[in-house]
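This is what each chain is made of:
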Amino acid sequence: MFALVDASMTNIDTKGDTGRPGTKTPRRGRDPIPATVDWLLGFVTGTVGLVLTVAGLGMYTRVDRALITEVVTAESTEINGLTTAEAVAAGGPFVDWFSAGLAVTGVGLIIAAVGFVRARRRTRRRVADEGGTTATFWASTVYGIAVTALVSFVPGAGIIGGGLAAYLQESGSGTRIGAAVGLVGWVLTAPLLVFLTVGLLAGANAIDMLAGGAFLAGIVVVSELLALAINVVTGALGGYLADRFL
């Protein structure tokens, strides 16, 4: 009987110990990028977003018809085949839409920066408790975008960014994450493209030249889509090369 009681008490103690808080031993996870880099990326992105927001709001509130007239007449020449009066009339709607695009893009970057830093803090806490890696797919994508932007003056910068993202993630899906670097980096600037296109159409419509405005808007859209294709392809190539040789 005493043996049974002792065994039962031992089982109870064992279950109680395993359920007590603080008995879980944290497992060391893979952390190739210091947390300082996350804060730095968030700070830089947020700062750029703030500058764009302030610039957009300032342009929207301060640039009026009188200022546009002053700027246009100072050139004393026709602008893209437009008369001074036409340039002034088209400039008002264009500036309004373009400045709004700057502000919206800036706010988007600020939100993205805050969300990134918060998400990285959660990921690092989870990895510290459960193990794994902090170099998740989306985090590695962001690092790749940052490097691409940093070396954008170098031909084929997307290859470098896509390769870095694939190297950090180590999942064997280098082509996919490299393509994501090119795609997400382009998406961050998409709001500005949309507002710029609408601004061209609104300005052209104000002077009854909607067909010409649509032609210019089409050139802008095609150029940006071509840039998107190039970014995705070069990023995917960089990811493939990283998987293949690193």
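Look above for the structure.
We now turn to the structure provided with this report. Computed from a predicted structure; not experimentally measured.

## So, the packing of aromatic side chains
- One pass over the full model with this rule turns up 4 aromatic pairs.
- Plain terms: the ring middles of Phe-94 and Phe-98 are 5.9 Å apart, the flat faces sit at 5° to each other, and that makes the pair stacked. Of this pair, Phe-94 and Phe-98 both sit in helix α4 (residues 84-130), 4 residues apart, which is roughly one turn of that helix.
- A relative accessible area of 27% places Phe-94 in the partly exposed class.
- Judged by its relative accessible area of 23%, Phe-98 is partly exposed.
- Consider the rings of Phe-116 and Tyr-143, whose centres lie 6.3 Å apart with planes at 90°: the pair is edge-to-face. Of this pair, Phe-116 sits in helix α4 while Tyr-143 is found in helix α5 (residues 137-150), placing the two residues 27 residues apart along the sequence.
- Residue placement shows Arg-244 over the ring face of Phe-245; its charged tip is 5.3 Å from the ring centre.

## A word on unusual backbone geometry
- With a phi angle near 60°, Asp-208 is a residue other than glycine that sits in the positive phi range.
- Turning to its location among the elements, Asp-208 is positioned in the loop between α8 (190-206) and α9 (210-245).
- By relative accessible area, which is 72% here, Asp-208 ends up exposed.

## Examining the layout of surface pockets
- Roughly 1100 Å³ of volume is contained in the largest pocket.
- In this structure, the largest pocket is lined by 39 residues; those nearest its centre are Ile-145, Ala-146, Ala-149, Gly-185 and Leu-188.
- Residue assignment for the lining of the largest pocket shows that the elements contributing at least two residues are α2 (35-62), α4, α5, α6 (157-169), α7 (174-187) and α9.
- Among the elements that take part in the lining of the largest pocket, α5 stands out by supplying 9 residues, more than any other.
- For the lining of the largest pocket, a count of residues per class yields 26 nonpolar, 13 polar and no charged.

## Focus: the packing of α4 against α5
- At a minimum axis distance of 11 Å, the contact between α4 and α5 shows a crossing angle of 135°. Relative to α5, the element α4 lies oblique. Of the two possible hands of crossing, α4 and α5 adopt the one that is left-handed. Here α4 contributes Phe-116, Arg-120 and Arg-124 to the contact with α5, which in turn contributes Ala-139, Val-142 and Tyr-143.
- Of the residues assigned to the contact of α4 with α5, the class counts are 4 nonpolar, no polar and 2 charged.

## Remarks on α8
- The first and last C-alpha atoms of α8 sit 24 Å apart over 17 residues, in line with the 24 Å expected at 1.5 Å per residue.
- Taken together, the buried positions of α8 are occupied by Ala-190, Leu-193, Phe-195, Thr-197, Gly-199, Leu-200, Gly-203 and Ala-204.
- Looking at the buried residues of α8, the elements they touch are α4, α7 and α9.
- Just downstream of α8 lies Asp-208, where phi reads positive at about 60°.

## A short note on the packing of α4 against α8
- Relative to each other, α4 and α8 sit at 170°, their axes nearing to 7 Å. It follows from the interaxial angle that α4 and α8 lie roughly antiparallel. Our pair here, α4 against α8, has a crossing hand that is right-handed. Facing Ala-89, Ala-90, Pro-93, Phe-94, Trp-97, Phe-98, Ala-100, Gly-101, Leu-102, Val-104 and Thr-105 of α4, the residues of α8 in contact are Pro-191, Leu-192, Phe-195, Leu-196, Val-198, Gly-199, Leu-200, Ala-202, Gly-203 and Ala-206.
- Split by residue class, the contact of α4 with α8 holds 17 nonpolar, 4 polar and no charged.

## Let's talk about the pattern of salt bridges
- Scanning all chains against the criterion turns up 3 salt bridges.
- Asp-31 is the partner of Arg-124 in a salt bridge, and the nearest nitrogen-oxygen pair spans 2.6 Å. Residue Arg-124 is located in helix α4, and its partner Asp-31 is located in the loop between α1 (2-19) and α2; the two are separated by 93 residues in the primary sequence.
- For Arg-124, a relative accessible area of 15% corresponds to the buried category.
- You can call Asp-31 partly exposed: its relative accessible area is 42%.
- One salt bridge connects Arg-124 with Asp-38, and the closest N-O pair in it is separated by 2.8 Å. Of this pair, Arg-124 sits in helix α4 while Asp-38 sits in helix α2; the two residues are 86 residues apart in sequence, bridging distant segments of the chain. Considered together, Arg-124 and Asp-38 belong to a single accessibility category, that of buried residues.

The rules behind these values
- Residues numbered from 1 in each chain as written.
- Predicted model: local features only at pLDDT ≥ 70, side-chain atom pairs only at ≥ 80, totals over all residues.
- Heavy atoms only, no water.
- Phe/Tyr/Trp six-rings, centres within 6.5 Å; stacked < 30°, edge-to-face > 60°.
- Helix = DSSP H or I, 4+ residues; strand = E, 2+ residues; numbered from the N terminus.
- Buried < 20%, exposed > 50% of the residue type's maximum accessible area, 1.4 Å probe, protein only.
- Lys NZ or Arg CZ within 6 Å of the ring centre and 35° of its normal.
- 1 Å grid on protein atoms, 1.4 Å probe; cavity = no way out; pocket = protein on both sides within 12 Å on 5 of 7 lines; lining within 4 Å.
- Points joined across faces, edges and corners; volume = space filled by probe spheres on them.
- Nonpolar A, V, L, I, M, F, W, Y, C, P; charged D, E, K, R; others polar.
- Axes fitted to C-alpha atoms, helices over the stretch in contact; angles between N-to-C directions.
- Parallel < 35°, antiparallel > 145°, perpendicular 65-115°, else oblique.
- Left-handed = near helix turned anticlockwise from the far one by under 90°.
- Contact = heavy atoms within 4.5 Å.
- Expected span 1.5 Å × (residues − 1).
- Salt bridge = Lys/Arg side-chain N within 4 Å of Asp/Glu carboxyl O.

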